[in-house]
Amino acid sequence: ECNARVLCGPKVGEIIQACLACCIAVFCNFFPTPVFALRKARTNTRDVTAALNRAWVDVGAHFCGTYSAENRQDRLLADMHKIRTSLESIEGHLLNSWYEFGWFSSVRNIRESLARLRRTLQESSDRLFCTWNTCLQESFGGLHDDLMPRLWPSIQRVIQEASRLLTHCTEVACGGRVFDAEEPPLRDAAERTRAAVGALTAKFRETKAGLGIEGMREDLMDEHNFVIHICAFGRLAAELAEDLLAQKGSLRPLPRADSPAGIFDRAVLADKTHLSFAVRGLVTTLSAFLLGFFGHSKTMLKYDAGTAAFSALLLRKSLGCASARNLNRLHGVVVGTVMGHVIYSMIGWCTPWGYSLMSLAIFSWVATSLFQHHDGGRISAGLAVGNTAAGASAGMLAAYFGATGMMEECTEEVYTVLDVLGRSYYMIINSLTAVMLSFIVDSVLAPESASQLAARAYLDAWRCLSDALTDILDPRVLEVRLRTSELAHRLRVAEALGRQAEREPRYWRLPWRGALFGDGMQAALRLRMSICGMECSAVEGGRFGAGKAEKLRRFTSLPSFAPLRKVVQEKMEHMEGVFDSVVTQETGEVMRGLANPYLKRNFTAEYAQGIHAFILDANRLPEVAQDKFAGNTLESDVAAQASLILSCVASVLAEAQALQSAVLMRAF
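The numbering scheme is per chain: residues are counted from 1 as the chain's sequence reads. At least 70 in pLDDT is required for a residue's local features to be given in this predicted model, at least 80 for side-chain atom pairs to be given and counted, and no such filter applies to totals for whole chains, interfaces and linings, which use all residues. Excluded from the side-chain calculations are hydrogens and water; all other atoms, namely the structure's heavy atoms, are used.

Asks: Explain the overall build of the protein here, please?
Replies: For the purposes of this entry, the term helix denotes a DSSP run of H or I that reaches at least four residues, the term strand denotes a run of E that reaches at least two, and both are numbered from the N terminus. A tally of regular secondary structure across the protein gives 23 helices and zero strands. Throughout this description, buried means an accessible area under 20% of the type-specific maximum (1.4 Å probe, protein chains only), exposed means over 50%, and partly exposed covers the range between. Across the 668 residues in the protein, those meeting the buried criterion constitute 49%. By definition in these notes, contact holds between two residues if any of their heavy atoms fall within 4.5 Å. Relative to all contacts within the protein whose residues are 6 or more apart in sequence, the contacts with residues 24 or more apart total 83%. Per-residue and other accessible areas were derived by the Shrake-Rupley procedure at a 1.4 Å probe size, with only the shown protein chains allowed to occlude residues. When the accessible area of the protein is evaluated, it comes to approximately 32100 Å², of which 61% is carbon and sulfur surface.

What follows is the structure in structure tokens.
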């Protein structure tokens, strides 16, 4: 017989129901096919590899032509967008795959292989984006038309060999190891790719000599930049294959894939955002408990935990416009409650057709609401600070309260809608009270508004870009820290917060400058392309951790390079101040940023003037003449490396100037 004080009662029943629901949810993930994070990671890596190979072909054909190919640009932009979004999701899938028995050796090998493959895909895509940024600056004609069409057969061979090798490595990484039958063709493909890179380097130098070109030239900087990235693409594919082969022979293990952080992480526990969320959640829940305990007249029942339960459902670690989110959730609660009880009053009969219609109604309502819940989660590209699928969204709440109203015991009595809705009165009152509590607590205790958070996040990303540029151009810095992932994360956070700022109520403040913020985001993304390309080329031998290349330090320490470094650094600092003053201004007074004296300074002309002196000075370096015929890749050529840095710096300066024009145009 059941012990009524221990095993029976609503609390035990709710725990059992929750456990059963979790088991059913996990079981449903296996139909029609199992949904595993590792499978998603494999699918995404194959998609990224295919899109990356197509994109390199399109970039090569576009740049090596004598005119801009519009048809290739359209497909290239689509592939670049796909590469960017898929790479962001691969990291999350690999992290989640640890929970799918990631400690088993077979699963661990696949995770490590895919993590190594992702690193190659990330650097290849960074170099691709940098190359495309260079293509946007190319006007064609002149020496470009004399040089690049002659190099196209050699460039095409490198792209084809590297693409085949990268595709082969992708399949090997998805399998987790190199099988004995795959080892000889994989090794031969890596050697062919290395040979193709060497042939392209020799052809480039031969063609330059045939045209009478020596050392560096201002009108060939973009061409050097492009060919270096093609050689790097081939090298990256060959190094990936060599690492997979070394892992098979137990010569060099692959780096371990990332695992979930510990439960008690001091960095997370001491984070201001985390502490703010904890304090606001605690205050909201305790206030809801007090209201439910004392009640109010006949409007709110005493000893009712409904308000506290709703407050717990509304808890969500996110930044931005809390009022807009909470009102949207209230809409989901009310609609779900009303629709559930109305449908029950119409078809909740104890008859076969009543059971059938109710089952169909529950399935349709829950499916539609959950579709809205998960579809809305795509807005923020998987960011915890945005409107993600995690947490109780309007769709989730509508599904929950709608299903609750429909799953009443069937009846043979005739109910009116008014009779049934009488039960939902306290539910709606509790939800409304919980939303009002959340709104008040967030308004009082929230550290900053969404617009302030978005502006600060953008400026943090901009400073990270400036610091990365300074580390590359300063010869006193001996190590180059790879900031690709950090920059991407900071820009995603700023983008998500910018969307939150558009939805927050402004009250007495000026409207949020969403169009200007969007222009700033696009400029920062393109700046990241150029800076990441410079980072990859600034490392000795192309392998991070080896320190900055000595040849790069030699020509950046030339006295004639100091004015170029000063111009681009001052331009970045100037744009940081102007953008901050315009975006953060919330009153109708005169724009403070428009009084900045740097707006009258012509940074582009200063850079063009300084680049002539630097090229003359750099061509006197003995390394330029000695390396002209040394090495089997253009990445070891000092003239080509210096041209890449100058080309990327010119792109950074042009992008900053375009952002300044956008600020001046949209500031009024």
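Asks: Quick question: what am I supposed to make of the nonpolar core here?
Replies: Proteins that are soluble and globular tend to have nonpolar side chains buried together. If you look at the biggest cluster of nonpolar residues, it comprises 137 residues, and the most contacted ones within it are Met534 and Leu646. Other than its neighbours up to four places away in sequence, Leu646 contacts Met216, Met221, Phe561, Leu564, Tyr607, Ile611, Phe614 and Ile615. Nonpolar core, defined: a set of buried Ala, Val, Leu, Ile, Met, Phe, Trp, Tyr and Cys residues in which side-chain atoms within 4.5 Å join the residues together.

Asks: When you look at the packing of helix α18 (residues 514-538) against helix α20 (residues 562-583) in this model, what are you seeing that I'm missing?
Replies: Two quantities define a packed helix pair, namely the angle between the axes and the distance from one axis to the other. Helix axes use the C-alpha atoms of the stretch in contact, all axes being lines fitted to C-alpha atoms, and the angles between their N-to-C directions lie in the range 0 to 180 degrees. Where α18 meets α20, the closest approach of the two axes is 11 Å, and the angle between their N-to-C directions is 155 degrees. In terms of orientation, α18 lies roughly antiparallel with respect to α20. When you trace α18 past α20, the crossing you get is left-handed. The residues of α20 that touch α18, namely those facing Leu516, Phe517, Gly520 and Leu527, are Met572, Phe579, Val582 and Val583. When residues are grouped by polarity, Ala, Val, Leu, Ile, Met, Phe, Trp, Tyr, Cys and Pro land in nonpolar, Asp, Glu, Lys and Arg in charged, and all others, Gly among them, in polar. Split into classes, the residues belonging to the contact of α18 with α20 amount to seven nonpolar, one polar and no charged. Small angles under 35 degrees read as roughly parallel and large ones over 145 as roughly antiparallel, with 65 to 115 read as roughly perpendicular and the rest as oblique. The sense of a crossing depends on the near helix, which, turned anticlockwise from the far helix by less than a right angle, makes the crossing left-handed and, turned clockwise, makes it right-handed.

Asks: In this structure, what is going on with the layout of surface pockets? I would like to understand it.
Replies: Empty space left among the atoms is revealed by rolling a probe the size of a water molecule over them. There is about 860 Å³ of room inside the second largest pocket. Using protein atoms alone on a 1 Å grid, points that fit a 1.4 Å probe yet trap it form a cavity, whereas open point sets bounded by protein on both sides within 12 Å along at least five of seven lines form a pocket; residues with an atom within 4 Å of a point count as lining. Taken together, 15 residues line the second largest pocket, and the ones lying closest to its centre are Gln17, Ala21, Tyr400, Ala403 and Thr404. Counting only elements with at least two residues in the lining of the second largest pocket, the list comes to α1 (10-28), α12 (352-376) and α13 (394-406). Among the elements that line the lining of the second largest pocket, the one with the most residues is α13, at six residues. Grid points are joined across faces, edges and corners, and a volume is the space filled by probe spheres set on the points.

Asks: Could you clarify how one ought to interpret the state of the cysteines in this entry?
Replies: Cysteine sulfur atoms are paired as a disulfide whenever they fall within 2.5 Å. For the coordinates displayed, the defined rule picks out one disulfide. The partner cysteine of Cys350 in its disulfide is Cys410, sulfur to sulfur 2.1 Å. Here the S-S torsion is close to 100 degrees, and the disulfide linking Cys350 with Cys410 is therefore right-handed. Pair noted here: Cys350 is in the loop between α11 (322-347) and α12 and Cys410 is in the loop between α13 and α14 (417-421), with a separation of 60 residues, a long-range link. For Cys410, a relative accessible area of 28% translates into the label partly exposed. Of all cysteine sulfurs in the structure, the one in Cys22 sits closest to Cys19, which takes part in no disulfide; the separation is 6.6 Å. Judged by relative accessible area, which is 46%, Cys19 ranks as partly exposed.

Asks: Just to check I follow, could you spell out the pattern of salt bridges for this structure?
Replies: Counted as salt bridges are all cases of a side-chain nitrogen of Lys or Arg within 4 Å of a carboxyl oxygen of Asp or Glu. Throughout the structure, instances matching the rule amount to 32 salt bridges. In this structure, the salt-bridge partner of Arg116 is Asp243, at a minimum N-O distance of 2.7 Å. Within this pair, whereas Arg116 is found in helix α4 (residues 105-137), its partner Asp243 is found in helix α7 (residues 221-248), the two being separated by 127 residues in sequence. Like Asp243, Arg116 is buried. Between Asp460 and Arg463 there is a salt bridge, with the nearest N and O atoms lying 3.2 Å from each other. Taken together, the residues span about one helical turn, with Asp460 and Arg463 both in helix α16 (residues 450-473) at a distance of three residues. A relative accessible area of 28% places Asp460 in the partly exposed class. Look at the salt bridges and you will find they share partners, linking Arg84, Glu88, Arg492, Glu495 and Arg499 into a network.

Asks: What is the right way to look at a nonpolar patch on the surface in this model?
Replies: Surface patches are drawn from residues lacking salt bridges whose relative accessible area is over 30%; two like charges belong together within 9 Å, two nonpolar side chains (Val, Leu, Ile, Met, Phe, Trp, Tyr) within 5 Å. A cluster of nonpolar side chains, contributed by Val279, Val283, Leu432, Met436, Phe439, Ile440, Val444, Leu445, Tyr507 and Trp508, occupies part of the molecular surface with about 1000 Å² of accessible area. Only α9 (272-294) and α15 (425-445) provide two or more residues apiece to the nonpolar patch. It is α15 that provides the largest number of residues to the nonpolar patch, a total of six residues. Within the secondary structure, Met436 sits in helix α15. For Met436, a relative accessible area of 42% gives the class partly exposed.

Asks: Before we go on, may I ask you to explain the environment of Leu76 in this structure?
Replies: Residue position: Leu76 is located in helix α3 (residues 70-96). In sequence terms Leu76 and Asp58 are 18 residues apart; their C-alpha atoms lie 6.3 Å from each other. Excluding its chain neighbours within four sequence positions, the residues that come into contact with Leu76 are Ala55, Asp58, Val59 and Trp132.

Asks: Just checking my understanding: could you explain the packing of helix α5 (residues 143-175) against α7 for this structure?
Replies: Close contact between α5 and α7 brings their axes to 9 Å; oriented N to C, the two are set at 20 degrees. Looking at the two axes, α5 sits roughly parallel to α7. In this structure, α5 meets α7 at a crossing whose hand is left-handed. Of the residues that constitute the contact of α5 with α7, the class distribution is 20 nonpolar, three polar and one charged.

Asks: Looking at this model, I keep getting lost on the side chain of Thr193. Mind explaining?
Replies: Within the secondary structure, Thr193 sits in helix α6 (residues 183-210). You can call Thr193 buried: its relative accessible area is 0%. Definition of a polar contact: a pair of N or O atoms within 3.5 Å, with one able to donate and the other able to accept a hydrogen when the atoms are protein atoms, and with sequence-neighbouring residues admitted only if both atoms are side-chain atoms. For Thr193, the side chain forms a polar contact with the main-chain oxygen of Ala189, separated by 2.9 Å. Not counting residues up to four positions away in its chain, the partners in contact with Thr193 are Glu161, Ala162, Leu165 and Gly234.

Asks: Could you clarify how one ought to interpret the packing of aromatic side chains in this entry?
Replies: Given two aromatic rings, their pairing is described by the distance between the two centres and the angle made by the two planes. Pairing of aromatic rings covers Phe, Tyr and Trp, the last counted by its six-membered ring, and requires centre-to-centre distances within 6.5 Å; plane angles under 30 degrees mean stacked, over 60 mean edge-to-face, and any other angle means tilted. What the rule picks out here adds up to 12 aromatic pairs. Between the aromatic rings of Phe63 and Phe226, the centroid separation amounts to 4.5 Å while the plane-to-plane angle is 25 degrees, which identifies the pairing as stacked. Taken together, the positions of Phe63 in helix α2 (residues 37-63) and Phe226 in helix α7 put the pair 163 residues apart, joining distant regions of the chain. Here Phe63 matches Phe226 in class, with each residue buried. Through pairs of rings, three or more aromatic residues link up here, namely Tyr458, Trp462, Trp512, Phe517 and Phe579.

Asks: Sorry, what's going on with unusual backbone geometry here?
Replies: For residues that are not glycine, phi is negative in most cases, and the peptide bond is trans in most cases. For Tyr303, which is not glycine, the phi torsion reads 55 degrees and is therefore positive. Counting through the fold element by element, Tyr303 comes out in the loop between α9 and α10 (306-314).

Asks: I keep staring at the side chain of Asp637 and nothing clicks. Help me out?
Replies: Examined against the element boundaries, Asp637 turns out to sit in the loop between α22 (622-626) and α23 (638-666). Looking at Asp637, its side chain comes within polar contact range of the main-chain nitrogen of Ala640, at 3.2 Å.

Asks: Looking at this structure, how should I read the confidence of the model for the protein?
Replies: In low-pLDDT regions, the fine details of the predicted coordinates are not to be read closely. For the protein, per-residue confidence averages 81 on the pLDDT scale, and residues scoring 70 or more make up 86% of the total. Taken together, the stretch residues 377-391 has pLDDT below 50 and engages in 37 contacts with residues farther than four places along the chain or on a different chain. Each residue carries a pLDDT score, the predictor's own confidence in it, on a scale running from 0 to 100.

Asks: Even after reading the chapter, I still don't get α6, so can you show me in this structure?
Replies: Given 3.6 residues per helical turn, the α-helix brings residues three or four places apart onto the same face. By definition here, a helix of n residues has an expected span of 1.5 Å times n minus one. Across its 28 residues, α6 extends 41 Å between first and last C-alpha, which sits within 8% of the 40 Å expected from 1.5 Å per residue. Two residues or fewer after α6 comes Gly212, characterised by a positive phi angle close to 75 degrees.

Asks: Just to check I follow, could you spell out the environment of Ser643 for this structure?
Replies: Mapped onto the elements, Ser643 comes out in helix α23. When residues no more than four places from it in sequence are discounted, the contact partners of Ser643 are Met216, Met221 and His224. Looking at Ser643, its side chain comes within polar contact range of the main-chain oxygen of Ala639, at 2.8 Å.

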